[in-house]
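Structural overview
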Amino acid sequence: MPAHALEAVRLSKHFGPTKAVDELSLAVEAGEVVGFLGPNGAGKTTTLRLLLGLLHPTSGTASILGHRAGSAEARRVAAFVPGEVVLWPQLTGLEAIVLLGSLHGEVDEAYRDELIERFELDPGKRIRAYSKGNRQKVALVGAFMTRAPVLLLDEPTAGLDPLMERVFRDCVLEAQRRGQAVLLSSHLLAEVQHLCERVAMIREGRLVTVSTIEELRAVAGVELDVAGRFDDLGSIPGVSVVATEGDEVRVRVTGPIEPLLAVLGRGQITSLRTHETSLEEIFLSYYDDARG
């Protein structure tokens, strides 16, 4: 058995002087959903295309269930949903789904019909009459119906309304329970936070971090809103001032909180509120630090 469901080892792709992906190493295990985050142009889509074998790497390797990316064996055990779905305009939705299934080779037809119903897709309409959201539904049905051991999803909910986003999340969680591995590139941080235990962040083609959500929150620390008059709280070890407004200060604490509490205990606190750091704030802090 392969060590990992999906693996990239020092994977690089250069376009002339531009390093779209640079020395990227990442592994996804069976039954795991990993979020893949980064701003536009960071290298997420290029990485996914390398993992699928749609691009040839400049250096490094990629494999799916131990099979070389792009090989016939790798394609049989993977399914892909792009953020911009292009389909055959003359076909109906059902004809397109059947064709996608025939290209993959294995389809659970009962599950396919269930997915069509759950995503509220009209399979009799022609693709040319579909909205962007409905074309996205066709691709999602096409991927999930294969029950492929590895799912590569690149902004898969683009164009979906909130109700259909919820259906998508349910399908991902069901795939995880079946032991499928999922690499999810998404700009919806709430979606990643809901589905993923681990997150890989990429910037300018290089991985910034691969961490669990809880590890990221621990690094980000705790934020508190303190109302009252105090000396410079930012001079306390492990404390940084995030924002000030009048007599209220928001501070972030990394490491022991006792030095801050000792200072606060000597003053008069009019209010004190804790603030759980969201994944979006953590994500932005990494990129703010990089720009600084």
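Residues numbered from 1 in each chain as written. Predicted model: local features only at pLDDT ≥ 70, side-chain atom pairs only at ≥ 80, totals over all residues. Heavy atoms only, no water.

1. Here we look at the sheet that holds strand 4 (residues 59-64)
- Taken together, 4 strands build an open sheet; the order of strands is 2-1-4-5 and the sheet is antiparallel. This sheet does not close on itself; its edge strands, each paired only once, are strand 2 (18-28) and strand 5 (67-68).
- Here strand 4 runs beside strand 5; their pairing, made up of 2 bridges, is antiparallel. Note that in strand 5 the partner of S63 across the bridge is R68. (Pairing = 2+ DSSP bridges. Helix = DSSP H or I, 4+ residues; strand = E, 2+ residues; numbered from the N terminus.)

2. Topic: unusual backbone geometry
- A positive phi angle is found at R147, which is not glycine, with a value near 50°.
- The residue R147 is located in the loop between helix 5 (132-144) and strand 7 (150-154) in this model.
- A positive phi is found at E155, a non-glycine position, where the angle reads about 50°.
- We classify E155 as buried; its relative accessible area is 18%. (Buried < 20%, exposed > 50% of the residue type's maximum accessible area, 1.4 Å probe, protein only.)

3. As for empty space enclosed by the protein
- Scanning all chains against the criterion turns up 1 cavity of 30 Å³ or more.
- Lining the largest cavity are L6, E7, A8, L24, L26, V28 and L51.
- Elements with a minimum of two residues in the lining of the largest cavity: strand 1 (6-15) and strand 2.
- Along the lines of polarity and charge, the residues of the lining of the largest cavity split into 6 nonpolar, no polar and 1 charged. (1 Å grid on protein atoms, 1.4 Å probe; cavity = no way out; pocket = protein on both sides within 12 Å on 5 of 7 lines; lining within 4 Å. Points joined across faces, edges and corners; volume = space filled by probe spheres on them. Nonpolar A, V, L, I, M, F, W, Y, C, P; charged D, E, K, R; others polar.)

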